Amino acid sequence: MEDCLARKMEITVSEAEKRTGRNAVNMQETYTAYLIETRAVESQSEGQCAPVDSLWRRYSEFELLRNYLSVTYPHIVVPPLPEKRADFVWHKLSADNMDPDFVERRRIGLENFLLRVASHPVLCQDKIFYSFLTQEGGWKEMVNETGFQLKADSRLKALNATFRVKNPDKRFTELKHYSDELQSVISHLLRVRARVADRLYGVYKVHGNYGRVFSEWSAIEKEMGDGLQSAGHHMDVYAASIDDILEEEEHYADQLKEYLFYAEALRAVCRKHELMQYDLEMAAQDLTSKKQQCEELATGTVRTFSLKGMTSKLFGQETPEQREAKIKVLEEQIQEGEEQLKSKNLESRDFVKSAWTDIERFKEQKNHDLKEALISYAVMQISMCKKGIQVWTNAKECFSKM
């Protein structure tokens, strides 16, 4: 962790800007660009102020970076990006991805993504990631030259592997179920929170009616007027405070959403292991088949029904020379298959070892982050309730002075 980029470089996404340009099919589009600023930490420790380097990136470029990292490091739980369009919103929030409040929350989420990658013991050392932060021109070409798209597994192949793996690793099966349950629980929590926010907004805003009524009442009361007017003012302030409260709540909701998306990153690692296990089993099956063919040719006995066996019976047996040539080819293929199977076994063991190391790191991070987020959310709710008590305490004092 001492060598991680986050310790050597300050990284911020400091600004978001709405722009208009032409897309790939030459049609005009409106999009948001984000300003990434970086500064070396080393020179600051020596008492010098390092210059700030800055460049603009679109959300689609962040997506390209993450896709590259996911393909290049299949054993790693790659940090997720913030949502492209707002989900689990309460009615007063806009689902428009150009809404300034949403863009601001996404800016914070993109900065968090970069800091997550920069703090990761493996991802932080990636040259493409460093270029993303420091090289404005030619970055996309550099990514595409890696050929990572060719390594990307198709969803159809992944689905096929899921149903056809004969000996799945129980740990990854359990992890897959856990990620499904985690996503389900957090989704439900976010939906509950959105409903609570809607009702809370209504309750607070209705308090504004107290303010209006007390103000109207104060106009017809000489002795009670000042007390009623003051109490109404406290109610107005209380009613207006809900906007800031729920805006602050959205940041805690975004922290939960990050782990909602992390659940998919966990499943991606499980899918990649299934694909690897499927390829391993297919290679073992193919090797067993070739060994059987070789044995049948060598002994002249056929154990299983085959079209070739039927052809031999109908049109005569092969000559000894033909059989020897086929045996030689099969022996070469068996040798290649054994080496390939050995290589795949080593690759699978390395994948499991690396993946589980990163999964344990992720679990530790998750437990810490969710604990902090939920505690902060509880503290915010307590503070909000205390403010409500204070408002009514103030109102009580106003009434007492009448």
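Residues numbered from 1 in each chain as written. Predicted model: local features only at pLDDT ≥ 70, side-chain atom pairs only at ≥ 80, totals over all residues. Heavy atoms only, no water.

In this model, the protein chain carries a mean pLDDT of 85, and residues with pLDDT of at least 70 account for 86%. Of all helices and strands in the protein chain, the one with the weakest mean pLDDT is helix α12 (residues 307-315) (50), whereas helix α3 (residues 59-72) scores best (94). (pLDDT = per-residue confidence, 0-100. Helix = DSSP H or I, 4+ residues; strand = E, 2+ residues; numbered from the N terminus.)

With that settled, the discussion passes to helix α10 (residues 225-240). If you check α10, its first and last C-alpha atoms are 23 Å apart, about what 16 residues at 1.5 Å a residue would give, namely 22 Å. Turning to α10, its buried residues are Gly225, Gly227, Leu228, Ala231, Gly232, Met235, Tyr238 and Ala239. Taken around the axis of α10, the buried residues stretch over an arc of 160°, which confines them to a single face. Considering only its buried residues, α10 is in contact with α9 (170-218), α11 (242-299) and α13 (320-400). (Expected span 1.5 Å × (residues − 1). Buried < 20%, exposed > 50% of the residue type's maximum accessible area, 1.4 Å probe, protein only. Arc of directions from axis to C-beta. Contact = heavy atoms within 4.5 Å.)

This paragraph deals with the packing of α10 against α13. Between α10 and α13, the shortest axis-to-axis distance is 8 Å and the interhelical angle comes to 170°. By the angle class used here, α10 and α13 are roughly antiparallel. Residues Gly227, Leu228, Ser230, Ala231, His234, Met235 and Tyr238 of α10 lie in contact with α13, whose contacting residues are Gly388, Val391, Trp392, Asn394, Ala395, Cys398 and Phe399. (Axes fitted to C-alpha atoms, helices over the stretch in contact; angles between N-to-C directions. Parallel < 35°, antiparallel > 145°, perpendicular 65-115°, else oblique.)

The pairing of strands in a sheet comes from backbone hydrogen bonds and takes either a parallel or an antiparallel form. In spatial order, the strands read β1-β2-β3; together these three strands make up an open sheet with antiparallel pairing. On the outer flanks of this sheet lie β1 (9-22) and β3 (53-58), each paired with one strand and no other. Put simply, the sheet's adjacent strands are angled 25° from each other on average, direction ignored. Sheet topology places β1 next to strand β2 (residues 28-40); 13 bridges connect them, and they run antiparallel. The partner of threonine 12 across the bridge, within β2, is glutamate 37. Set on the sheet, helix α5 (residues 127-134) makes contact with β1, β2 and β3; between it and β3 the angle comes to about 105°. (Pairing = 2+ DSSP bridges.)

Tallied over the full model, the rule gives 14 aromatic pairs. Aromatic pair tyrosine 68 and phenylalanine 148: ring centres 5.9 Å apart, planes at 90°, arrangement edge-to-face. Placement of the pair is tyrosine 68 in helix α3 and phenylalanine 148 in helix α7 (residues 148-151), with a sequence separation of 80 residues. On the accessibility criterion, phenylalanine 148 (6% relative accessible area) is buried. Members of the aromatic cluster, connected to one another through ring pairs, are Phe62, Phe113, Phe132 and Trp139. A cation sits over an aromatic face here: arginine 58 above tyrosine 31, 3.8 Å from the ring centre. Over the ring of tyrosine 59 we find arginine 106; its NZ or CZ atom is 4.7 Å from the centre of that ring. (Phe/Tyr/Trp six-rings, centres within 6.5 Å; stacked < 30°, edge-to-face > 60°. Lys NZ or Arg CZ within 6 Å of the ring centre and 35° of its normal.)

Let us look at the packing of α9 against α13. For any two helices packed against each other, one specifies the inter-axial angle together with the distance between the axes. Orientation of α9 relative to α13, taken along the N-to-C sense of each, is 15°, at an axis distance of 14 Å. When the interaxial angle is binned, α9 and α13 end up roughly parallel. Here α9 and α13 pass one another in a crossing that is left-handed. Across the interface between the two elements, Arg171, Phe172, Leu175, Tyr178, Leu182, Arg193, Leu200, Tyr204, His207, Tyr210 and Phe214 of α9 pack against Phe351, Val352, Ala355, Trp356, Ile359, Lys366, Tyr377, Met384, Trp392 and Phe399 of α13. (Left-handed = near helix turned anticlockwise from the far one by under 90°.)

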